[in-house]
Amino acid sequence: MAHAYIADKDAYLKRLRRIEGQIRGLQRMVEQEEYCIDILTQVSAATKALQSVALGLLDEHLAHCVVDAARNGGPEADAKVREASDAIARLVRS
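Given the structure is predicted, the values throughout are model-derived calculations rather than measurements. (Residues numbered from 1 in each chain as written. Predicted model: local features only at pLDDT ≥ 70, side-chain atom pairs only at ≥ 80, totals over all residues. Heavy atoms only, no water.)

A closer look at the side chain of histidine 61
Looking at the secondary structure, you find histidine 61 in helix α2 (residues 36-72). Take histidine 61: its relative accessible area is 17%, and that puts it in the buried class. Those residues within four positions of histidine 61 in sequence are excluded, and the remaining contacts are Val66, Lys80, Glu83 and Ala84. (Helix = DSSP H or I, 4+ residues; strand = E, 2+ residues; numbered from the N terminus. Buried < 20%, exposed > 50% of the residue type's maximum accessible area, 1.4 Å probe, protein only. Contact = heavy atoms within 4.5 Å.)

Right, here's the structure in full:
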């Protein structure tokens, strides 16, 4: 079964590769003993970038998977809503 985000798969991969580059940059900064505040600034930027990807995937999940399950009703709908709620809770805690 194809997932809803597949239409934007290339965009998600591009964003994740950019984040991967940010993480490698952070590793270099630590190796070169850069100023800690500069490292923390970059950690914050990488964290926000990952959160942006997560929110995009969550939006896709709600708009497609949850809506489709809700249309069908029954236990699958309840499971998808619970699954989305759990995902939101994890994002809020992180």
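Next comes the rest of the description.
Points about the confidence of the model for the chain
Looking at the chain, the pLDDT average stands at 92 and 96% of residues meet or exceed 70. For the chain, helix α3 (residues 74-93) is the element with the lowest average pLDDT, namely 92, and helix α1 (residues 9-31) is the one with the highest, namely 97. (pLDDT = per-residue confidence, 0-100.)

Quick notes on unusual backbone geometry
At glutamate 33, a position not held by glycine, the phi torsion is positive, near 55°. Since its relative accessible area comes to 70%, glutamate 33 is described here as exposed.

A short note on the packing of α1 against α2
One can describe the packing of α1 onto α2 by two numbers: an axis separation of 10 Å at closest approach and a directional angle of 160°. Put simply, α1 runs roughly antiparallel to α2. Of the two elements, α1 crosses α2, and the hand of that crossing is left-handed. Classifying every residue of the contact of α1 with α2 gives 15 nonpolar, 4 polar and 3 charged. (Axes fitted to C-alpha atoms, helices over the stretch in contact; angles between N-to-C directions. Parallel < 35°, antiparallel > 145°, perpendicular 65-115°, else oblique. Left-handed = near helix turned anticlockwise from the far one by under 90°. Nonpolar A, V, L, I, M, F, W, Y, C, P; charged D, E, K, R; others polar.)

Focus: the pattern of salt bridges
This model, assessed by the stated rule, comprises 3 salt bridges. Note that arginine 71 and aspartate 68 form a salt bridge whose closest N and O atoms lie 3.2 Å from each other. One end of the pair is arginine 71 and the other is aspartate 68, both in helix α2 and 3 residues apart, which spans about a single turn. A salt bridge links lysine 80 to glutamate 83; its shortest N-O distance comes to 3.7 Å. Of this pair, lysine 80 and glutamate 83 both sit in helix α3, 3 residues apart, roughly one helical turn. (Salt bridge = Lys/Arg side-chain N within 4 Å of Asp/Glu carboxyl O.)

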